[in-house]
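Geometric and topological summary
Spelled out from the first residue to the last, the chains are:
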Amino acid sequence: MALLEIKNLGISFGGLRAVDNFSITIEKGQLYGLIGPNGAGKTTIFNLLTGVYKPNAGTIFLDEENITGKKTVDINRAGIARTFQNIRLFKELSVLDNVKTGLHNSFQYSTVAGILRLPKYFKVEKEMDERAIELLKVFGLDGEKDILASNLPYGKQRKLEIARALATGPKLLLLDEPAAGMNPNETSELMDTIRFVRDNFDMTILLIEHDMKLVSGICERLTVLNFGQVLTQGKTADVLNDPEVIKAYLGE
Ligand SMILES: Nc1ncnc2c1ncn2[C@@H]1O[C@H](COP(=O)(O)OP(=O)(O)OP(=O)(O)O)[C@@H](O)[C@H]1O
Ligand SMILES: [Mg+2]
């Protein structure tokens, strides 16, 4: 079975059918793009996938586990991590501590050990530091580990958010417009990083993006969403040459 299997997913807000009869199959290890005009429903699909919204219809299976309608924390534990269209970091925490907040899925000490600063506490903290620094290295952020997240330039904040998501040890990583606000150099670096993460972390990635250079450069398959519905899906080159897709983007 596929890593992610969504069937006939739907949600309405008042009279607006924001996502309608949405289905997608993503195989393990795929780098998959979700594209479509503004307001098409892309972020809403991420919110449905991560339990921010509960669907009115449809099913979501992750690695054969039915996660439809589950809570955000449980879905994260089941293996989905995300980044946000508007960056969300702990601005008053250091770069290192931001990544460490993601590591609590895999490292634990009891509250008592934490309060009493027992040896177990120091051991776990040290292991977490090491693991967090390893992750920061992937994103070229290890040199900035002690500065406040809010003091990082914008492009690096986006990378830090991805590092924190990875720290939770997901099976599926959702990136909502990771290149938004980046200059062409930062975007091309980000493309290399996303490929690196897929290859070296054995990751499956679904990303929303408007930057067509990024989409055509790294995504193997695409789904195009238009007015909450799938317009077309398939191999990237085929989808981007589809006249219907070109029409939706040009708004004719
Ligand atoms: N909580 C909500 N309540 C009411 N309407 C909502 C809610 N969330 C999303 N919508 C509406 O659903 C539609 C899809 O929004 P969504 O944010 O998913 O679009 P998008 O494809 O991510 O667009 P963009 O590319 O601009 O980020 C929009 O019309 C939006 O206003
Ligand atoms: Mg969006």
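Keep in mind that what you see is a predicted model, and the values were worked out from it rather than measured.

The rules behind each value
- Residues numbered from 1 in each chain as written.
- Chains lettered and ligands numbered in written order.
- Predicted model: local features only at pLDDT ≥ 70, side-chain atom pairs only at ≥ 80, totals over all residues.
- Heavy atoms only, no water.
- Axes fitted to C-alpha atoms, helices over the stretch in contact; angles between N-to-C directions.
- Helix = DSSP H or I, 4+ residues; strand = E, 2+ residues; numbered from the N terminus.
- Parallel < 35°, antiparallel > 145°, perpendicular 65-115°, else oblique.
- Contact = heavy atoms within 4.5 Å.
- Nonpolar A, V, L, I, M, F, W, Y, C, P; charged D, E, K, R; others polar.
- Polar contact = N/O pair within 3.5 Å; in protein donor to acceptor, adjacent residues only side chain to side chain.
- Donors = N, O, S within 2.8 Å, 3.2 Å for Na, K, Ca; no water.
- Buried < 20%, exposed > 50% of the residue type's maximum accessible area, 1.4 Å probe, protein only.
- Pairing = 2+ DSSP bridges.
- Core = buried A, V, L, I, M, F, W, Y, C linked by side-chain atoms within 4.5 Å.
- Near = heavy atom within 4 Å.
- Areas by Shrake-Rupley, 256 points an atom, 1.4 Å probe, with all protein chains shown as cover.
- Phe/Tyr/Trp six-rings, centres within 6.5 Å; stacked < 30°, edge-to-face > 60°.
- Lys NZ or Arg CZ within 6 Å of the ring centre and 35° of its normal.

Notes on the packing of helix α5 (residues 119-138) against helix α7 (residues 184-201)
Relative to each other, α5 and α7 sit at 135 degrees, their axes nearing to 10 Å. If you check the angle between α5 and α7, you find them oblique. On the side of α5, the interface is formed by Arg131, Leu135 and Val138, while α7 contributes Thr193, Phe196, Val197 and Phe201. In terms of residue class, the contact of α5 with α7 is made up of five nonpolar, one polar and one charged.

Considering the environment of threonine 83
Mapped onto the elements, threonine 83 comes out in the loop between β6 (80-82) and α3 (95-102). The sequence separation of threonine 83 and leucine 160 amounts to 77 residues, and the corresponding C-alpha distance is 9.8 Å. Among all residues touching threonine 83, those that are not within four sequence positions of it are Glu161, Ile162, Ala165, Leu174, Leu175 and Asp176. Among the polar contacts made by the side chain of threonine 83, one reaches the main-chain amide nitrogen of aspartate 176 at a distance of 3.4 Å.

With respect to the coordination of the magnesium ion (ligand 2)
Around the magnesium ion (ligand 2), the protein contributes the donor atoms Thr43 (OG1) and Gln85 (OE1), which lie 2.0 to 2.2 Å from the metal centre. Note that threonine 43 is positioned in helix α1 (residues 42-49) and glutamine 85 in the loop between β6 and α3, a separation of 42 residues in sequence. Under the relative-accessibility criterion, threonine 43 is labelled partly exposed at 24%.

Regarding the sheet that holds strand β5 (residues 65-66)
Judged by pairing direction, the sheet is antiparallel, and its four strands sit side by side in the order β2-β1-β4-β5 without closing on themselves. This sheet does not close on itself; its edge strands, each paired only once, are β2 (16-26) and β5. Inspection of the sheet shows strand β1 (residues 4-13) paired to β2 by seven bridges, in the antiparallel sense. Its bridge partner lying in β2, glutamate 5 is registered against threonine 25. Contacts from α1 reach β1, β2 and β4 (57-62), with the element oriented near 110 degrees to β1.

Here's the deal with the nonpolar core
Core analysis: the biggest nonpolar cluster contains 44 residues, and Val99, Leu160, Leu173, Ile194, Ile205, Leu207 and Ile218 have the highest contact counts within it. If we ignore the near neighbours within four places in the chain, the residues touching isoleucine 218 are Leu31, Met191, Ile194, Arg195 and Leu207. Counting 28 residues, the second-largest nonpolar core is a separate cluster that includes Leu4, Leu49, Leu174 and Ile208.

Overview of the site of ligand 1
Neighbouring ligand 1 are 15 residues, the closest being Gly39, Lys42, Thr43, Thr44 and Gln85. Against a free-state accessible area of 640 Å², the protein chains account for coverage of 64% of ligand 1. Sorting the residues of the shell around ligand 1 by element identifies β2 and α1 as the ones contributing at least two each. Top element by residues in the shell around ligand 1 is α1. It accounts for three residues.

Concerning the packing of aromatic side chains
Taken as a whole and assessed by the stated rule, the structure comprises one aromatic pair. Ring geometry for phenylalanine 13 versus tyrosine 53: centroids 5.1 Å apart, planes at 70 degrees, classification edge-to-face. Pair noted here: phenylalanine 13 is in strand β1 and tyrosine 53 is in the loop between α1 and β4, with a separation of 40 residues, a long-range link. Note on tyrosine 53: relative accessible area 30%, which makes it partly exposed. The cationic tip of arginine 88 hangs over the ring face of phenylalanine 84; the distance from NZ or CZ to the ring centre is 3.9 Å.

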